[in-house]
Amino acid sequence: QVQLVESGGGLVQAGGSLRLSCAASGRTFSDYAMGWFRQAPGKEREFVAALSWSGLTTYYADSVQGRFTISRDNAKNTVYLQMSSLKPGDTAVYYCAAPWRTYYSGSTNPSDFGSWGQGTQVTVSS
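Scope of this entry: the structure provided in the associated data block. (Residues numbered from 1 in each chain as written. Predicted model: local features only at pLDDT ≥ 70, side-chain atom pairs only at ≥ 80, totals over all residues. Heavy atoms only, no water.)

**As for the nonpolar core**
Heads up, the condition is: Here, nonpolar core means buried Ala, Val, Leu, Ile, Met, Phe, Trp, Tyr and Cys residues that are tied together by side-chain atoms lying within 4.5 Å of each other. Three exposure classes are used, based on accessible area relative to the maximum for each residue type with a 1.4 Å probe and protein chains only: buried under 20%, partly exposed in between, and exposed over 50%. Counting from the N terminus, the helices are DSSP H or I runs at least four residues long and the strands are E runs at least two residues long.
One finds Trp36, Leu81, Met83 and Tyr94 to be the most contacted residues of the largest nonpolar core, which totals 36 residues. At the level of elements, strand 3 (18-24), strand 4 (34-39), strand 5 (46-51), strand 7 (68-73), strand 8 (78-83), strand 9 (92-99) and strand 11 (120-125) are the ones that each hand at least two residues to this core.

Rendered as structure tokens:
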């Protein structure tokens, strides 16, 4: 089990950038893939991005491909989501998550992730 805490959300104009951070506890952080999801009011939780435990393999939703970058710093037990060219449609609560097990093969299903942060609000104004 890993404890996750997101930070870095806020209000930004369309076209702007924002970097989210997710701090994880536990020595096993580096053994897990990590993912980012988002959820807007009245909508289901949506996959955004994920990366392997090695940090060498990344996965992105088509809607954010080319605009968002996921990365991790295992020494700091932290995963990041760098968001650029933000759009009003990116407005949501963003969550970081870890899968149930160390194995991860690119699933975008929230049910395959067992550890979740509390979320951080991102609001993109037009």
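**Some remarks on the side chain of aspartate 90**
What counts here: Pairs of N or O atoms are called polar contacts if they sit within 3.5 Å, as long as, within protein, a hydrogen donor faces a hydrogen acceptor (for residues adjacent in sequence, only side-chain-to-side-chain pairs). Here a residue-residue contact requires only that any non-hydrogen atoms of the pair lie within 4.5 Å.
Mapped onto the elements of the fold, aspartate 90 is located in the loop between strand 8 and strand 9. When its relative accessible area of 2% is taken as the criterion, aspartate 90 is described as buried. Reaching out from aspartate 90, the side chain makes a polar contact with the backbone nitrogen of lysine 87 at a distance of 2.8 Å. Setting aside residues up to four positions removed in sequence, aspartate 90 forms contacts with Arg38, Arg67, Phe68, Ser85, Val122 and Val124.

**Some details on the pairing of strand 11**
Within a regular strand, side chains alternate between the sheet's two faces. Quick reminder of the rule: When DSSP finds at least two bridges between two strands, those strands are taken to pair.
Residues Thr120, Val122 and Val124 point to one face of strand 11 and are all buried, whereas Gln121, Thr123 and Ser125, pointing to the other face, are not buried. With three bridges connecting them, strand 9 and strand 11 associate as antiparallel partners. Residue pairing across strands places valine 93 opposite glutamine 121, the latter belonging to strand 11.

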